[in-house]
Amino acid sequence: MLLLDQWKKVLNRIENEVTAVIFDLWINTLTPIQYANDELILLAPSVVAKNQVNQPGIFEKVTKCVREEFTPYTFVRVTEKVEYEENVRKQEAELEKIMKESPSYKPKFNPKYTFDNFVVGKSNQVVCAAMQSVAERPSEKFNPLFIYGGVGLGKTHLLHAVGNFLTKTRPDLNVLYVTCDKFTNDFVNSIRNSKSNANADFREKYRTVDVLMIDDIQFISNRMGTQEEFFHTFNDLYQNNKQIIIASDRPPKEISTLEERLRSRFSSGLIQDIQEPDYETKVAIIRKKCSQEGYLVDDDVIDFIAQKTSTNVREMEGILSKVVFYSSLIGKSHASMDDAREALKDYGETERTNLDAEKIMNTVCDFFKVSKEELIGKKKNKEIVEPRQLCIYLINDMLSIPLTAIGELFGGRDHTTIMHARDKISNQVKINPHVRTLVNDIKSQLLKY
Ligand code: ADP
Ligand code: MG
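Worth saying up front: this structure is predicted, and the values here are computed from it rather than measured.

J.: What should I look at first to understand the environment of Ile 285 in this one?
T.: Tracing the backbone through its elements, the reader meets Ile 285 in helix H12 (residues 279–293). The spacing of Ile 285 and Ile 302 is 17 residues in sequence and 9.8 Å in space, taken between C-alpha atoms. Dropping the residues within four chain positions of it, Ile 285 is found in contact with Val 119, Val 313 and Met 316.

J.: Would you explain the site of ligand 1 in this entry?
T.: Close to ligand 1 lie 17 residues, the nearest being Gly 152, Lys 155, Thr 156, His 157 and Arg 314. Residue Gly 154 places a main-chain N or O atom 3.1 Å away from an oxygen atom belonging to ligand 1. In this structure, Thr 156 approaches ligand 1 through a side-chain N or O atom, which is 2.7 Å from an oxygen atom. With the chains in place, 92% of the 560 Å² that ligand 1 exposes on its own is no longer accessible. Of all elements in the fold, only helix H7 (155–169) and helix H14 (313–329) reach the threshold of two or more residues within the shell around ligand 1. When residues are assigned to domains, the shell around ligand 1 turns out to be shared by domain 2 (125–273) and domain 3 (279–351), each giving three or more.

J.: Help me out: how do you make sense of the packing of helix H3 (residues 47–54) against helix H4 (residues 56–69) in this one?
T.: Each pair of packed helices can be summarised by the angle the axes make with each other and by the distance between the axes. At a minimum axis separation of 5 Å, H3 and H4 run at an interaxial angle of 80 degrees. Relative to H4, the element H3 lies roughly perpendicular. The segment H3 lies against H4, with Gln 52, Val 53 and Asn 54 engaging Pro 56, Ile 58, Phe 59 and Val 62.

J.: In this structure, what is going on with the side chain of Thr 74? I would like to understand it.
T.: Inspection of the secondary structure puts Thr 74 in the loop between H4 and strand S3 (75–80). Among the polar contacts made by the side chain of Thr 74, one reaches the side chain of Thr 71 at a distance of 2.8 Å. Leave out the neighbours within four places in its chain, and Thr 74 touches Tyr 35, Asp 38, Leu 40, Thr 63, Val 66 and Arg 67.

J.: Please explain helix H11 (residues 260–267) as it appears in this structure.
T.: Of all the positions in H11, only Leu 262, Arg 263 and Phe 266 are classed as buried. All buried residues of H11 lie within an arc of 105 degrees about the axis, which places them on one face of the element. Where H11 is buried, its residues contact strand S4 (145–148), helix H10 (226–239), strand S7 (243–248) and strand S8 (270–273).

J.: I would appreciate a short explanation of the sheet that holds strand S2 (residues 39–44) in the present structure.
T.: The strands making up a sheet are joined through hydrogen bonds of the backbone, oriented either antiparallel or parallel. Read from one edge of the open sheet, 3 strands run S1-S2-S3, paired in mixed fashion. Taken across any chain shown, the strands that pair with only one partner, and hence form the sheet edges, are strand S1 (31–36) and S3. Averaged over neighbouring strand pairs, the angle between their axes works out to 25 degrees when direction is ignored. In terms of strand pairing, S2 meets S3 through 6 bridges, oriented parallel. Among the inter-strand pairings, Glu 39 is bridged to a residue of S3, identified as Phe 75. Contacts from H3 reach S2 and S3, with the element oriented near 155 degrees to S3.

Definitions and limits used
Residues numbered from 1 in each chain as written. Chains lettered and ligands numbered in written order. Predicted model: local features only at pLDDT ≥ 70, side-chain atom pairs only at ≥ 80, totals over all residues. Heavy atoms only, no water. Helix = DSSP H or I, 4+ residues; strand = E, 2+ residues; numbered from the N terminus. Contact = heavy atoms within 4.5 Å. Near = heavy atom within 4 Å. Polar contact = N/O pair within 3.5 Å; in protein donor to acceptor, adjacent residues only side chain to side chain. Areas by Shrake-Rupley, 256 points an atom, 1.4 Å probe, with all protein chains shown as cover. Domains from an automatic or database assignment. Axes fitted to C-alpha atoms, helices over the stretch in contact; angles between N-to-C directions. Parallel < 35°, antiparallel > 145°, perpendicular 65-115°, else oblique. Buried < 20%, exposed > 50% of the residue type's maximum accessible area, 1.4 Å probe, protein only. Arc of directions from axis to C-beta. Pairing = 2+ DSSP bridges.

Shown next as structure tokens:
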């Protein structure tokens with residue numbers, strides 16, 4: 001039975017136990033948000049309401065009715081938003097502390113990222129099926145499995161889902177998930193480390209696994225021979241029939257820093273893309289999120305969020321929690337359309353619909369005081385090249401236009417040139433605060449229109 005239905009039955013009981021005023025004013029405003037480990041947590045809309053319900057005469061009656069509907073051992077806790085969130089934060093901080101102190105406690109994979117929690121639609125069903133089949137039979141089907149797709153479409157989620165699944169079904173296997181950055185750092189440290197066996201430790205860690213998952217491989221660089229090492233790791237595992245799964249935001253042929261021999265290794269398995277969710281899938285994802293987090297949201301709010309947000313699922317989640325948080329701030333347990341409109345009134349409707357390459361180019365020209373002719377022309381002096389590359393990066397980042405089309409916009413440049421410019425800036429955004437600020441400044445200017 002749904003928590004809410006069970007709670008309704010409790011309400012029917014309480015109604016007979018307290019006065020109508022108390023019932024309407026305080027009891028009826030409670031929302032059950034969690035029932036776990038014999039504890040039912042009720043969310044009150046305000047501190048005042050919470051204190052009222054916690055009064056001895058009332059609290060006992062609530063507990064009695066709850067126990068009649070749930071179990072005789074159920075413990076009732078009344079809380080309100082601020083306190084509840086504070087508690088959640090504390091618990092998380094404690095967990096983190098425990099994990100830090102004893103690394104063996106650390107769950108290797110995010111428990112929320114499971115196959116169960118992953119909504120399957122047209123855009124991702126093939127990827128999801130491939131990942132599932134690899135989780136069920138590692139090293140038997142697709143090896144290596146290379147998945148790629150835009151930001152926030154669920155790649156990391158799926159990698160962790162494989163990890164969670166294997167932890168349960170094949171505890172005998174050694175499963176390792178790392179980001180590309182982590183791999184690089186581990187390797188560079190193993191070389192820098194003067195301990196004679198540091199490099200052996202590194203190999204021990206990476207070459208004894210049964211399943212190796214590397215996330216965000218697009219960040220691979222050649223720092224101190226990282227790719228060389230990765231190549232050997234890859235071959236070693238592959239020859240020993242170990243499963244390799246790789247995720248990236250783009251296909252191997254578009255990762256300009258990737259060495260050819262690795263590119264061809266990746267191509268020997270399955271390369272599968274994950275696409276942007278369509279409208280129905282977006283709605284399904286928001287619904288799932290609501291039930292997972294215990295959010296109570298009107299149906300039209302769900303449609304509204306699905307329409308208003310881009311296809312980035314992470315962004316969608318952010319907007320959803322913003323709406324829920326807003327409605328709870330004004331003391332409501334259920335988010336309505338009005339709350340959604342109010343909470344999102346600053347969320348630019350314009351930003352996606354009105355933005356085009358022309359606008360980005362003009363803004364960059366203004367910003368750097370260069371002319372459009374210079375921007376798309378052939379001049380190679382630094383004053384022109386930097387704005388040009390930034391502009392290419394921004395167009396690629398903010399609009400979904402193929403590289404070849406961007407090449408056209410810039411006087412018929414080849415798509416590899418465009419790719420090079422984009423990668424150069426995207427790298428700098430990562431390591432150079434000055435460039436990061438520059439990019440953010442221009443972006444916020446663009447989104448103001
Ligand atoms: P990526 O690694 O591709 O950038 P993530 O895996 O980090 O994206 O996903 C971003 C967020 O969106 C995560 O919280 C993830 O759980 C959620 N998400 C993405 N796709 C789905 C989906 N199909 N069903 C449920 N949640 C999803
Ligand atoms: Mg990711």
